[in-house]
Structure formats: C-alpha cells, structure tokens
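Coordinate inspection notes
Residue strings, one per chain:
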Amino acid sequence: MTKNLKIALCLIFQFLATAVFAQVVTTEPPYATANDSIIVYFHADRGDQGLIDYSGTDVYAHTGVITNLSSGPSDWKYVIAAWDQNLPKAKLTRIEQNLWKLTIGNPYEYYGVPQSEQILKLAFVFRNAEGTITGRDVGGADIFYELYEPGINLVILEPQVSVPYGIPERSPVFVSAGDSLKIVLTAAALGTKLERFNLRINGMLVAQSAADTLRYTYRAPQDDHGKKTVFASATDTSGNEASETFVFMITPVQQDEDRPAGVIEGENYIDDQSVTLCLFAPYKKFVYVIGDFNDWKVDEAYLMKKDSVDRDSAYYWLTISGLNVGQEYAYQYLVDGEIRVADPYTQKILDPWNDQYIPSTTYPNLKPYPSGKTDFPVSVLQTARSTYQWKVQDFNRPAPEKLIVYELLVRDFLAKHDFKTLIDTLDYLQKLGVNVIELMPVNEFEGNESWGYNPSFYFAPDKYYGPAEDLKRLVDSCHVRGIAVVLDMVLNHAAGQCPLVRLYNEGDFGRPTPENPWFNVESPNPTYNWFYDFDHESPATQKFVDRVNRFWLTEYNVDGFRFDFTKGFTNTPGDGWAYDARRINILKRMADKIWEVKSDAYVILEHLTDNSEEKVLADYGMLLWGNMNSS
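Residues numbered from 1 in each chain as written. Predicted model: local features only at pLDDT ≥ 70, side-chain atom pairs only at ≥ 80, totals over all residues. Heavy atoms only, no water.

1. Things to note about the overall build of the chain
Of regular secondary structure, the chain possesses 10 helices and 33 strands. By the compact-globule yardstick of 25 Å for 631 residues, the chain fits well, its C-alpha radius of gyration being 28 Å. Across its three principal directions, the C-alpha atoms of the chain cover 85 × 55 × 45 Å. Across the 631 residues of the chain, 54% fall into the buried class. Within the chain, contacts between residues at least 6 apart in sequence are counted, and of these 68% link residues at least 24 apart. Of the roughly 28,100 Å² that the chain leaves accessible, carbon and sulfur atoms contribute 48%. (Helix = DSSP H or I, 4+ residues; strand = E, 2+ residues; numbered from the N terminus. Rg over C-alpha atoms; globule rule 2.2 N^0.38 Å. Buried < 20%, exposed > 50% of the residue type's maximum accessible area, 1.4 Å probe, protein only. Contact = heavy atoms within 4.5 Å. Areas by Shrake-Rupley, 256 points an atom, 1.4 Å probe, with all protein chains shown as cover.)

Here's what the structure looks like:
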C-alpha cells in the first residue's frame, strides 16, 4: 500500500468516525444509499468488542437486510447464507488490527433483493469461521446500518438518538438538572445542496445556520425538569426539507422520601385501583416506570421516588392510582435511562421471544406482549386478583422416612405439557403408591422447553405449563389425594434474563458487575458452575431467598423444596467437596426461615459433599440425596 493511499484511508476513516459517532459499521461512501456501490468497514474495537484483537484471518459477515416489507425494525430478510456457511463473498479483509473491510457493491445484487422492495438497513453479525466468536453491537445486539435516500438528509451527530419504539417519547435522551446537552447537526446532501438548518426546542427557534454543521448547547437550569421536544430540520436550495424529532428528559435532583409503612420490594396493592411499586436498586441514579398506563412513554409523573437507607441500600418506589379494577397492566422499570427490566418479584411476565409459541389451549387469553413499544420481558400487575379457595386447609404431610417421591417434568410427562392435564392424571400416580410429587422447576425460565435449571423469574409460574390458578388447583388436588408437592428450586444460580442479573451486569446479558448486590462476578467454584452465581453470603441474596421460599409455601401451599446444587451455596473457593462450615451455616439459616413458615416443610438438598458435612445437615432436619449402592 502506498503512503498516499494510507493517508487517504486514514482521512476517510477519521471522517467516518466523526460523522457517525463510533458506530460498529461505517461505509464508503459515508452516507450510502441503496443504489450506491458500498464498502462496509467493521470496527472490531467497538460495540461488544467480541472480535477485538482477533488474531485469525477468518472473519465472516452473517448479513441480511431490513426492507419495507420486514415485519419490524429487526426482521432480517434476504440473509445471504446460513450461520455456519462460509461464503467467499461474506469474508472480510483485515485493514488494520481492529478494522475489517467487506465489499458489498450494489446491495440489491449482493443480497438478491427485488427492485420492487425498498432496502432500509443492512444487518450484520460478524463471526469467525466456526461461529464461536462474534462481533456485535453493544450488549450483544445485531448491528444495523441505516441507508440514506437521495436528496437532503438530516444527520444528528449529537446526542446519540434512537427511536426504536415508534415515538420519541418512549426512548428519550436523558439530562440531569444543572447539566447541559450538546446538539450537533449535519446534512447528507446527495445530489443537492444544503441551504440552512433550523433547530427548535418546544416550538421555539433556538438556533439557525447556513454552515455545513450546526452546533448548539442547551443548559438545563438547576430547577428545570420534564420533557423537551427537539425539532431539527435541514432545507436544501430547492426548498426540500428533511427533519428529525427527538425528546430529551430532564431528570430533577431527587430528594429522599421514605417508603410508606409496610412497602416491600415488588407490587404492593393498596386497593382495587392502586398499587405501590418498589425496586431495590442501590447505586442507581433514577428510575422511571413505563407501561400500559402511560403508553410506555417516559413521563415525569412516573419518576420513582428514592428512599436511601445507606450508601449501599436504596429503594425506588411509586404509587400508581386510577387503575381499572381487575385489569392486567404490563410494565417495566427504566433504570438510569438505559436498562429496561421487569420487576424481580412479579408474579407474571410477558416474553417477547417465547410467548408466541404458547398454545391458547395451554394458556387461554394470554395478554399479548406490547410489541413495538419496548423490549425485553415485562412484568404484569393486576389489582383485585381473585383469591383461590383451598379445599385442603391443613394438609397432613407424609413423614420424611415414608416418602415415595415421583420426580416429574411437566414438559415430558404430558404431551399437552400443562398443569390442567396433570390434574387429570393424578389417579395414575396415586395408584403407583406415590405420596410426593417433586415438580422440576416451574417458575419462569429462559425459553419454553427446558428442564428449568436456567431460571429467570422466581415468583412467576412458567406460562408454558398454564395459568397460575391451574398450578394452585394441582397442588390442592394432590393434597386431596394425600400427595405432597415439593418444588425443585434453583437458587445456586440464575440465567442472564433474570432482572437481578440485568440490573448490574455487562451489556444486556453479560456477567454481573462488582456492585451487584445478589451475584458474584465469578463463581468461586471453578469445577461446577452454571450461568451466574448467587452470592449466598450477601444479605440481599439471603433476603431474596427467604422471600422466594415464603412465597411458594404460602401462595401456592407447597410442602417444601428440593434445592438444586446446594454444594454451591458458599463463597469458599474450590470444587465444593470438602467440609465447609460457612456453607452449613448458610443452609441452616435458610432452613430455619422455611420452618418459621411451615414447621414440617421438607428441605431436601442436592448436596453431594463430604459425608461429615451431610451428616451435620441431616441431623439438623434436612433431607439429602445419598449413594445407596456403595459404602
């Protein structure tokens, strides 16, 4: 490569970085249209940096397009090859250490899109030849490059604006009171010439320029707050106008305000039309509630109040009134303007990825996910829920030494995979002589078809098995037949969609950060670990564990738990086999809390440690899996 060409490339790349704000993908020409011959540059040191400093030469593009016929902004079409297929035309060329080049040429020809269809965006995930290492956008998202139209195009360089949920009010830019917001505009004048920019805030003209870039700084007074609407326009010499609208929200300086008496984390119902929501979120700056009740718009009236207990303990709370009696409302917390997360204590979620595959015969009248208005799982609240009337009020549980346990995975035991059908088969189990049914995990887990050891929401029954009311009827029906019900509970770890993980983690589904109150950054057990490891020495984790256990014992009237991999309930480094006094104390503490709720509840451990430790736990009243086939 000649020196002049190196300089030219450096200038191109410097311009692209300035114009598109460190995007993962840039192009030549800088503002490419669907009719241009396009070269794509992949910046591996941006986005999630999955391919940063990659030493191989085998980087391929898994790529397609978003067109006017896509069902949504992330509905890929005309994908050039399957994930594991390495086409020569999809292979990138290294330009520098973390800069790769892909020649696309005409996108209609490259992707095989008919001319009758309009290409709106190019879509990418970059990967190595095996597909085991990927380069994506921040948080592991797909990479999208928006194509421009010939004529005048307005480009907002600052702030970074995104309107993925239909209207700007659902994804505003956030500014703190007393801070400033820099607005920088430029124009892509393709086949025309720029005449001027206009910039208005709440309808008032605040800046105008005939230069190729407009720069303006809004300074928010200390007492300023609420929504501001920005309207920016670029006009060419022929009078054609391109415009963009975005919203920024000024979050006021919050004064501490104590929670009302009795308010705990989750949904606190006051009456048939009111609920107080509460989120434990230390180290966070602000939290808004978004949901059906405000059309998923960020609204100052739904800014949660903050109750700071101490430096490491803060609760956000908000009372919402005027709800319709008995109506389901979907909602989320928007934390620090970045994290959309469901309530960790919600008793029902809506899942944007998996609910669509739940048959209506399994879960009739399931509330639809609010597609296009938010993303990630959402919570569901409902005032005036009907109270289940238990037939068996005081069940006489079989003695521990007489248990005949049937471990049951609803998905595999029944073709219909639902609680309702399972009730109809209890006669069969009773005839076998079974007096305990151990249900493999039934709280919400990732996906629909799973053993359930990838838990995400601990208070919500998984909808793939049917409505919550059917689970209560199942427990009640078992008790009528003298059969106890034990839940398989997974509290060693949680999967990436768990809101307790997502509140403090890297990206959307990455590992926990050091400030996470519930999870270790890494498991202390290098031999046996899955997903993200609960820190069972943390007071926040212990409080959560107690809430989970109490909930299922009281709300669903279950008779106890089989706890998965209790060997991991410790921060002692190692494979977990050796006697561990710290772990013994953790499990004794948990068992004591369970027995405060139900003195004869079963506490069964999948422990599998040195026998001296298991004997201590057994003598304390816990039941353990054991090897009866050898000494």
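2. Focus on a nonpolar patch on the surface
Together, Tyr528, Trp530 and Phe531 line one region of the surface with nonpolar side chains, adding up to about 320 Å² of accessible area. Of note, Trp530 is situated in the loop between α7 (499-502) and β30 (532-533). A relative accessible area of 38% means that Trp530 is categorised as partly exposed. (Patch = residues over 30% accessible without salt bridge, like charges linked within 9 Å, V, L, I, M, F, W, Y side chains within 5 Å. Salt bridge = Lys/Arg side-chain N within 4 Å of Asp/Glu carboxyl O.)

3. Considerations on helix α9 (residues 581-597)
Here α9 spans 25 Å end to end across 17 residues, near enough to the 24 Å set by a 1.5 Å rise per residue. Those residues of α9 lying buried are Arg583, Ile584, Ile586, Leu587, Met590, Ala591, Ile594 and Trp595. Burial along α9 is one-sided: seen end-on, the buried residues are contained in an arc of 165°. Tucked into the core, α9 has its buried residues touching α8 (539-555), β31 (560-563), β32 (602-605) and α10 (611-619). (Expected span 1.5 Å × (residues − 1). Arc of directions from axis to C-beta.)

4. A few points about the packing of aromatic side chains
One pair of aromatic rings is described through two measures. These are the centre distance and the angle between the planes. For the structure shown, the criterion picks out 36 aromatic pairs. A centroid spacing of 6.5 Å and a plane angle of 80° characterise the contact between Tyr283 and Tyr504, whose relative ring orientation is edge-to-face. A residue pair is termed long-range when its members are at least 10 positions apart, and Tyr283 in the loop between β18 (274-280) and β19 (287-291) and Tyr504 in the loop between α7 and β30 qualify at 221 residues. Of the residues examined, Tyr504 reaches a relative accessible area of 1% and is grouped as buried. Judged by centre distance (5.5 Å) and plane angle (15°), the ring pair of Phe293 and Tyr302 falls under stacked. Members of the aromatic cluster, joined through ring pairs, are Tyr345, Tyr458, Phe459, Phe519, Phe534, Phe544, Phe551, Trp552 and Tyr556. Between the NZ or CZ atom of Arg127 and the centre of the ring of Trp83, over which it lies, the distance is 5.5 Å. Here the basic side chain of Lys284 rests over the ring of Tyr504, its NZ or CZ set 4.4 Å away from the ring centre. (Phe/Tyr/Trp six-rings, centres within 6.5 Å; stacked < 30°, edge-to-face > 60°. Lys NZ or Arg CZ within 6 Å of the ring centre and 35° of its normal.)

5. Some thoughts on the side chain of Ser233
When you line up the elements, Ser233 lands in strand β15 (residues 226-236). In this structure, Ser233 is in contact with Leu154, Arg196, Phe197, Asn198, Glu241, Ala242 and Ser243, ignoring residues within four places of it in sequence.

6. Digging into unusual backbone geometry
Cis geometry marks the peptide bond from Glu28 to Pro29, where omega comes out at 5°. Within the element layout of this structure, Pro29 appears in the loop between β1 (25-28) and β2 (38-43). Cis geometry marks the peptide bond from Glu158 to Pro159; its omega dihedral reads -5°. Note that Pro159 resides in the loop between β9 (151-158) and β10 (173-176). Phi is positive for Asn202, close to 50°, though the residue is something other than glycine.

7. Some remarks on the sheet that holds β1
The strand order β1-β2-β5-β4 describes an open sheet built from 4 strands, whose pairing is antiparallel. Each edge of the open sheet carries a strand with a single partner, namely β1 and β4 (93-96). Averaged over all adjacent pairs, the angle separating strand axes in this sheet is 35°, with direction ignored. Where β4 meets strand β5 (residues 99-105), 3 bridges bridge the pair, whose relative direction is antiparallel. Bridging from a neighbouring strand, Glu96 pairs with Leu99 of β5. (Pairing = 2+ DSSP bridges. Axes fitted to C-alpha atoms, helices over the stretch in contact; angles between N-to-C directions.)

8. Side note on the nonpolar core
One finds Val289, Tyr333, Leu439, Tyr458, Trp518 and Trp552 to be the most contacted residues of the largest nonpolar core, which totals 94 residues. Contacts of Trp518, omitting those with residues within four sequence positions, involve Phe280, Leu500, Leu503, Tyr504, Asp533, Phe534, Asp535, Ala540, Thr541 and Phe544. Counting residues in each nonpolar core, the second largest holds 40 residues, with Val40, Trp100, Leu102 and Leu147 among its members. (Core = buried A, V, L, I, M, F, W, Y, C linked by side-chain atoms within 4.5 Å.)

9. Focus on the pattern of salt bridges
The tally for this structure, following the rule as stated, stands at 30 salt bridges. Lys367 is the salt-bridge partner of Asp292, the closest N and O atoms lying 3.0 Å from each other. Taken together, the residues Asp292 in the loop between β19 and β20 (305-310) and Lys367 in the loop between β24 (349-350) and β25 (378-382) connect sequence positions 75 residues apart. Judged by relative accessible area, Asp292 falls into the partly exposed class, the value being 29%. Across the pair Glu444 and Lys463 runs a salt bridge, and its minimum N-O distance is 3.0 Å. Of this pair, Glu444 sits in the loop between β27 (436-439) and α6 (468-480) while Lys463 sits in the loop between β27 and α6; the two residues are 19 residues apart in sequence, bridging distant segments of the chain. One salt-bridge network, held together by shared partners, links Asp488, Arg562, Asp564 and Glu606.

10. Let's talk about the state of the cysteines
Inspection of every chain in the model, using the stated rule, returns 0 disulfides. Sulfur of Cys498: no disulfide; nearest cysteine sulfur belongs to Cys278 and is 17 Å away. (Disulfide = S-S within 2.5 Å.)

11. A few points about the pairing of strand β21 (residues 313-320)
When you tally the buried positions in β21, you get 7 out of 8 residues, the bulk of the element. Of the strand pairs in this sheet, β18 and β21 are connected by 6 bridges, and their pairing is antiparallel. Bridging across to β21, Val275 finds its partner in Ile320. Judged from the 5 bridges that link them, β20 and β21 form a sheet pairing that is antiparallel. Looking across to β21, one finds that Ser308 is bridged to Ala314. The antiparallel pairing of β20 with β21 creates a hairpin that spans 2 residues between the two strands.

12. Examining the environment of Ala61
When you line up the elements, Ala61 lands in strand β3 (residues 59-67). C-alpha separation for the pair Ala61 and Gly105, spaced 44 residues apart in sequence, amounts to 15 Å.

13. With respect to the sheet that holds strand β12 (residues 194-201)
Pairing in this open sheet of 5 strands is mixed, and the strands run β10-β16-β15-β12-β13 from one edge to the other. Both edges of this open sheet fall to β10 and β13 (204-209), since each of them pairs with a single strand only. The mean angle between the axes of side-by-side strands here comes to 25°, regardless of whether they run parallel or antiparallel. The pairing of β10 with strand β16 (residues 241-251) spans 4 bridges and is parallel. Across the sheet, residue Ser176 finds its bridge partner in β16, namely Thr251.

Interpretation in functional terms is not warranted from these geometric data alone.
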